[in-house]
Amino acid sequence: MSTVSSPVSARLPVFPWDRLEPYKRTAVAHPDGIVDLSVGTPVDPVPELVRRALAAAADSPGYPTVWGTVELRDALTAWGERRLGARGLTHRHVLPVVGSKELVAWLPTQLGLGPGDKVAYPRLAYPTYEVGAKLAGAEPVAYDDPTELDPAGLKLLWLNSPSNPTGRVLGKDELTRAVAWAREHGVLLLSDECYLELGWETEPVSVLHPDVCGGSHEGIVAVHSLSKRSNLAGYRAAFLLGDPAVLGELLQIRKHGGMITPAPVQAATVAALGDETHVAEQRARYAARRAALRAALEGGGFRVEHSEASLYLWATRDEPCWDTVAELAGRGILVAPGDFYGEAGARFVRVAFTATDERVEAAVKRLG
């Protein structure tokens, strides 16, 4: 007999990927095997210099700190200034986290949000923004334009540029407007920028760029990850940059909760952030796969919308997304149905280009 009187899981939506299993079985049965383009998980090797750094730090018997080593904080501030154009970053402006999904899911709880509070996120979005609100008992609110939200009770506003799933990028003007609106209404703004290194048709801009935030980090925090940039999804290496008051509060809470990036991963993060060569090499791999898949999809009757950045093509044949999923599964290709990301995606599929070159080539043939 269960002793859990009201399980927290009851607040949450059905885990979406479970619904894809029957279609995965169909795709696996293809004579030449499955081409899995459903999850944006890296498949290419971890860069050698990162593996060396991890191995060199493997003899780490003591507890690491939640705030990270001085070397890690130096690396985070240097990268933020170099890559994002942020100004005036100190150690108080950075905080390592144990992968970005953990942060997204637990942030509302760590901020003390609950019943009566609202958490807003894009209408088409990564499902974990909604999950985070519901775990805290707060009210999730989807928006088309953040500046048209009712600010009453709104405590946390998520931006996501480049977007998962659509690959849409918010321009400087849109970001600036959102920051000004959030500050005017006293709403904390979190900008999920995990795909920022993967702009294809435009150059994504961080919310921390002085042209966007006016040189002040007040009320804004950017979320970054090494999963996509450096093929480190298995390392759970991510970090926050922004308002020291917010990060200082999170640091205290995360100390109590023992939410610590392992010491070898901290060392690997320093190595990854200090090198741009592997980033350029990985971008080139993804660019080639993206071009091949886009041409094959468009040649096969699909229309690709947005998709100017990120690791996905947001594609439609103007039919219900599950019809598209079923038809492609019959060809041995597994994609994600658009309604995983909100009802607005009900006629789209998300196609990841994170498969190997050989599997992408197989998909191109099957789409032809």
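The shown structure was predicted, so the numbers you read here are calculated from the model rather than taken from an experiment.

*Asks:* Go over the overall build of the protein chain with me, naming the residues and quoting the values.
*Replies:* Looking only at helices and strands, the protein chain features twelve helices and 13 strands. The buried share of the protein chain, reckoned over its 368 residues, is 53%. Averaging the coordinates of the 38 positive side-chain charges in the protein chain and doing the same for the 45 negative ones gives two points 3 Å apart.

*Asks:* Which residues make up the pattern of salt bridges, and what values do they have?
*Replies:* Taken as a whole, this structure holds 29 salt bridges when the rule is applied. Among the ionic pairs, Glu48 bridges to Arg51, the shortest N-O distance being 3.6 Å. Here Glu48 and its partner Arg51 are both found in helix 2 (residues 48–56), three residues apart, which amounts to about one turn of the helix. Put simply, Glu276 and Arg82 hold a salt bridge, and the shortest N to O gap is 3.5 Å. Separated by 194 residues along the polypeptide, Glu276 in the loop between helix 9 (263–273) and helix 10 (277–299) and Arg82 in helix 3 (residues 70–84) bring together distant segments of the chain.

*Asks:* Break down the sheet that holds strand 9 (residues 303–305) for me, with residues and values.
*Replies:* One open sheet holds the four strands; their spatial order is 9-10-13-12, and the pairing between them is antiparallel. With one partner strand each, in any of the chains shown, strand 9 and strand 12 (336–337) form the two edges of the open sheet. Relative to strand 10 (residues 312–316), helix 10 is tilted by about 5°, and along the sheet it contacts strand 9, strand 10 and strand 13 (349–352).

*Asks:* Report on the environment of Leu113, specifying residues and quantitative values.
*Replies:* Following the sequence through the fold, Leu113 ends up in the loop between helix 4 (100–110) and strand 3 (118–122). Note: C-alpha distance between Leu113 and Tyr341 (228 residues apart in sequence) is 23 Å.

*Asks:* Before we move on, could you go through the environment of Gly167 and cite the residues and values that matter?
*Replies:* As for its position among the elements, Gly167 is in the loop between strand 5 (154–160) and helix 6 (172–184). Assessed through its relative accessible area of 0%, Gly167 is described here as buried. When the C-alpha positions of Gly167 and Gly214 are compared, they lie 26 Å apart, and in sequence the two are 47 residues distant. The residues contacting Gly167, other than those within four sequence positions of it, are His306, Ser307, Glu308, Ala309 and Ser310.

*Asks:* Account for the side chain of His224, naming residues and giving values.
*Replies:* For His224, the position within the fold is in strand 7 (residues 220–225). The exposure class assigned to His224 is buried, which follows from its relative accessible area of 2%. A distance of 2.7 Å separates polar atoms of two side chains, one belonging to His224 and the other to Glu193. In contact with His224, not counting residues within four places along its chain, are Trp79, Leu84, Glu193, Cys194, Leu196, Ala238, Phe239 and Leu241.

*Asks:* I'd love a proper account of the side chain of Arg290, names of residues and values included.
*Replies:* Summarising the element assignment, Arg290 is placed in helix 10. Apart from residues no more than four positions distant in its own chain, Arg290 is found in contact with Trp200, Glu201, Ser307, Glu308, Leu313 and Phe353.

*Asks:* Which residues make up the environment of Val205, and what values do they have?
*Replies:* Its place among the elements puts Val205 in the loop between strand 6 (188–192) and helix 7 (210–213). Along the sequence, Val205 and Ser161 sit 44 residues apart, while their C-alpha atoms lie 8.3 Å from each other.

*Asks:* Mind laying out the state of the cysteines, listing which residues take part and the relevant values?
*Replies:* According to the stated counting rule, one finds zero disulfides in the structure shown. Summary of cysteine pairing: Cys194 is not part of a disulfide, and the nearest cysteine sulfur, belonging to Cys213, is at 18 Å. Of the residues examined, Cys194 reaches a relative accessible area of 11% and is grouped as buried.

*Asks:* So, the nonpolar core: which residues are in play, and what are the values?
*Replies:* With 63 residues, the main nonpolar core has Leu37, Trp158 and Leu240 as its most contacted residues. For Trp158, the contacting residues outside a window of four places in its chain are Leu103, Val104, Leu107, Val119, Ala120, Tyr121, Pro122, Tyr129, Tyr143, Leu190, Asp192 and Val223. Residues Val50, Leu72, Val212 and Ala237 belong to the second largest nonpolar core, which totals 42 residues.

*Asks:* Would you mind going over the sheet that holds strand 6 in detail, with residue names and values included?
*Replies:* Strand pairing in a sheet relies on backbone hydrogen bonds. The paired strands run either parallel or antiparallel. The seven strands lie next to each other as 2-8-7-6-5-3-4, forming an open sheet whose pairing is mixed. At either end of the open sheet lies a strand with only one pairing partner, and these are strand 2 (94–97) and strand 4 (139–143). Strand-to-strand twist in this sheet, taken as the mean axis angle between neighbours without regard to direction, amounts to 20°. Bridge count between strand 5 and strand 6: five bridges; the pairing is parallel. Residue pairing across strands places Leu157 opposite Leu189, the latter belonging to strand 6. Contacts from helix 5 (residues 128–136) reach strand 3, strand 4, strand 5 and strand 6, with the element oriented near 155° to strand 4. Along the sheet, helix 8 (residues 244–257) contacts strand 2, strand 6, strand 7 and strand 8 (238–242); its crossing angle with strand 2, the most-contacted strand, is approximately 40°.

*Asks:* Now, about the packing of aromatic side chains: what can you tell me, with residues and values included?
*Replies:* A full pass over the atoms with the stated rule returns twelve aromatic pairs. On the numbers, 6.4 Å between centres and 25° between planes, the contact of Tyr121 with Tyr129 is stacked. We classify Tyr121 as buried; its relative accessible area is 11%. Tyr129 sits in the buried class, given a relative accessible area of 0%. Where Trp314 meets Phe348, the ring centres are 5.0 Å apart and the plane angle is 5°; that geometry is what we call stacked. Taken together, the residues span a long stretch of sequence, with Trp314 in strand 10 and Phe348 in the loop between strand 12 and strand 13 at a distance of 34 residues. A relative accessible area of 1% means that Trp314 is categorised as buried. Assessed through its relative accessible area of 12%, Phe348 is described here as buried.

Parameters and conventions
Residues numbered from 1 in each chain as written. Predicted model: local features only at pLDDT ≥ 70, side-chain atom pairs only at ≥ 80, totals over all residues. Heavy atoms only, no water. Helix = DSSP H or I, 4+ residues; strand = E, 2+ residues; numbered from the N terminus. Buried < 20%, exposed > 50% of the residue type's maximum accessible area, 1.4 Å probe, protein only. Lys, Arg positive; Asp, Glu negative; His and termini not counted. Charge placed at Lys NZ, Arg CZ, Asp CG, Glu CD. Salt bridge = Lys/Arg side-chain N within 4 Å of Asp/Glu carboxyl O. Pairing = 2+ DSSP bridges. Contact = heavy atoms within 4.5 Å. Axes fitted to C-alpha atoms, helices over the stretch in contact; angles between N-to-C directions. Polar contact = N/O pair within 3.5 Å; in protein donor to acceptor, adjacent residues only side chain to side chain. Disulfide = S-S within 2.5 Å. Core = buried A, V, L, I, M, F, W, Y, C linked by side-chain atoms within 4.5 Å. Phe/Tyr/Trp six-rings, centres within 6.5 Å; stacked < 30°, edge-to-face > 60°.

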